[in-house]
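# Descriptive structure summary
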Amino acid sequence: MENPFIVRDCALIAIATGLRAQNLRELSNRIREVPPACIYYHFWGGLLRAKFDDPEFPNDFASWAQHSLHDKRLAERLAIINPLEFENMEGLRRELLEVVDERLDELDIPPWVETDQQFHFIRTQIVVFDTGMQVPYPRELMGRIQSFSLGSIFYHFIDARRRPPYKIDDFSAWLETFDGRYADLARSIQAIDPYFTNLHVLQSELKDILDRHFQG
Amino acid sequence: MEEYLERYRSIVGDAVINHLRQLARPLRGIRVVHVNSTREGGGVAEILHCLVPLKRALGLETTWEVIDGNPDFFEGTKKMHNTLQGNRLSIPAPMLKNYEETNRRNFERLEGVLKEADIVFIHDPQPAPLLGFCENRRGKWIWRCHIDVSRPHRPVWNYLRNFVSPYDASIWSLSSFAQVLPHPMYLIPPSIDPLSEKNIDLDPSELEGAYEKWGLDPGRPIITQVSRFDRFKDPLGVIEAYRLAKEFIPLQLVLAGSGAPDDPEGAEVLEEVRIAQGEDPDIHTLLLPPDAHRSINALQRISLIVLQKSLREGFGLTVTEAMWKEKPVLGGDTGGIRIQVFNHHTGFLVNTPEGTALRIRYLLRHRDKLHEMGKKAKDFVRQNFLITRHLREYLTLMIAVTHAATDRIELEG
């Protein structure tokens, strides 16, 4: 077992920042000042918390624009932002501001919401820990993937993209270390769009891809 | 002790239980104390009855202490509770003095346990001043606020804030409930215990018995609201919605709740409900004892739809309970109901008796949809609002507060 896949796990916890926005101008101002962990939470935290409207509005900003501000144009533009394109949260923050500020330029009066519909900025703390589980060979991943916790799926498939070698999930990165023997499999895994789904579905998709590759 | 956690394996699956065990490993052996003001009755005690043994099962030396006080103390803290939720009452100075004095006395009794603990969880305002008496403490102190303090009566909040600001962290059920404090404010929604009397699966014979016991007709749809007789729960609006829907479909309504004899407003609202009910034999207003958990369980299970038509709500655990029993919920568009009820998925958010009646008719007309939404509701609760998720977040928080306050904590080995 020279190059095992070391399975890690994580747990996320949300922290209120106390910062809120009641109109689009305030949203823009707050986005400038909140910590990066806040941007992370509002783009990716939905995967690990209670949420039902994620397929349509994959980040909290888009969801708020649609359901609270009732600005469909803004909601659509925010929803299409792909956080996977950015190596770090600062790049993502700039893109987010670009969209919000562009919309502010188009409007004479910033749209606003009632008090109980304010946008609450939340940040995360993430605790990463070892599971003690190792997967010796890619074929064995097929049988093990279903026993991964959702925290492990999040850590290796989502969180991995903001760790070196950046913008790639841990499974593909591992498969690429086998001298091209699993290049097809790695490509199939990389083709999964993790953004419009939930972790249960992601886990099933990974399982299906592994089954197809090893069992035909 | 281990078995206590294992009982949940068949409900939440191996991955969740294993995840909890691994997460708890670095916390094994630490001393944790929870402090609240009652052993029985109320949501906090219900959660602690379950959470404390679960923490023990994971190797954390966990104890639960209850502060005591005279009737004047509890009257004062009840007033405080109401004012923090928005009632504009003033609390007399002697009552506040008694509040502080009662906490000092309780601290003297609990000093050893509190000083030795690695982590102390203080629940709600009643025991909040304890921290102020604990000089040279070694542990981290966390204030757990279970109530909605989004629009408090400011003088009372300013008074309480002096006691809770020095804590190392606080926990809130929703971000919208929180006031800004100078420490990390963690967000942990509450949960239900699927193995408690209120939520455990019931034998079909017990459900049949419930029809008979409450004089309900198994042949006609039953809709139910379980809640205190409180104007914020809008029982009169529920009766109005039932009447509007009944013009189109045969229907029975159950309004079930417990009422404290010393709650004058509760008695008043109950009287209003009875007047509104009139001679309608299909409206069943049930005043149940506070420990009637199994009866509530049965009533929720024999209902087709559960309502929680609140005008203002905390988290709304009755919604969670109903969803766990595969019932779509028609819930008021407020508070924690909003993060549980999703239109066309787990129920409908409603704003008026008319809207409620419309959704009742819709669901009773589309039974396949009703059952599909019920199943989705149960699954949603399984993933988000069971005690195991609550426990996971407590463990994560305990690791976080005992490590450097960074966004990312990587545990060794």
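By convention here, each chain's residues receive numbers from 1 onward along its written sequence. Labels follow written order: the first chain is A, the first ligand is 1, and so on. The predicted nature of this model means local features are confined to residues of pLDDT at least 70 and side-chain atom pairs, given and counted, to a pLDDT of 80 or more, with totals for whole chains, interfaces and linings taken over all residues.

## Concerning the confidence of the model for chain A
Across the chain, each position has a pLDDT score giving the predictor's confidence in that residue, from 0 to 100. Averaged over all residues, the pLDDT of chain A is 92; the fraction at 70 or higher stands at 96%. Numbering of helices and strands starts at the N terminus; helices are DSSP runs of H or I of at least 4 residues and strands are runs of E of at least 2. No element of chain A has a lower mean pLDDT than helix 2 (residues 36-44) of chain A, at 93, and none a higher one than helix 1 (residues 24-33) of chain A, at 98.

## A look at the packing of helix 3 (residues 60-67) of chain A against helix 4 (residues 72-79) of chain A
Residues and elements named next belong to chain A. Axes here mean lines fitted to C-alpha atoms, for a helix over just the part in contact, with angles spanning 0 to 180 degrees between N-to-C directions. Where helix 3 contacts helix 4, the two axes come as close as 8 Å, and the packing angle between them is 165°. Taken as axis vectors, helix 3 and helix 4 run roughly antiparallel relative to one another. By crossing handedness, the relation of helix 3 to helix 4 is classed as left-handed. In contact with Phe61, Ala62, Ala65 and Gln66 of helix 3, helix 4 contributes Lys72, Leu74, Ala75, Leu78 and Ala79. Residues are grouped as follows: Ala, Val, Leu, Ile, Met, Phe, Trp, Tyr, Cys and Pro are nonpolar; Asp, Glu, Lys and Arg are charged; all remaining types, including Gly, are polar. In the contact of helix 3 with helix 4, the residues fall into seven nonpolar, one polar and one charged. Each angle receives one of four descriptions, namely roughly parallel if under 35 degrees, roughly antiparallel if over 145, roughly perpendicular if within 65 to 115, and oblique otherwise. By definition, turning the near helix anticlockwise from the far helix through less than a right angle yields a left-handed crossing, and turning it clockwise yields a right-handed one. For the purpose of contact definition, each residue receives a C-beta atom placed from its backbone, and two residues are in contact when these atoms lie within 7 Å.

## Structural notes on the domain arrangement of chain B
All names here are of chain B. Note: domain ranges come from an automatic or database domain assignment. By the assigned domains, chain B splits into domain 1 (2-191 + 386-401) and domain 2 (204-384). Taking the mean C-alpha position of each, domain 1 and domain 2 sit 30 Å from one another. With 11 residues of domain 1 at the contact, the number on the domain 2 side is nine residues. Of the residues that constitute the side of domain 1 that touches domain 2, the class distribution is six nonpolar, three polar and two charged.

## Considering the environment of glutamate 140 of chain A
All names here are of chain A. Here glutamate 140 is to be found in helix 6 (residues 138-144). Owing to 15 C-beta atoms within 10 Å, glutamate 140 belongs among the partly exposed residues under this scheme. With 97 residues separating them in the primary sequence, glutamate 140 and phenylalanine 43 have C-alpha atoms 32 Å apart. Here the C-beta atoms are placed from the backbone, and a residue counts as buried if at least 20 other C-beta atoms lie within 10 Å of its own, exposed if 12 or fewer do, and partly exposed otherwise.

## What to know about the environment of leucine 51 of chain B
All names here are of chain B. By the secondary structure assignment, leucine 51 is in helix 4 (residues 43-57). C-alpha of leucine 51 to C-alpha of aspartate 193: the two residues are 142 residues apart in sequence and 9.2 Å apart in space. Leaving out residues up to four positions away in the same chain, leucine 51 has contacts with Ile387, His390 and Leu391.

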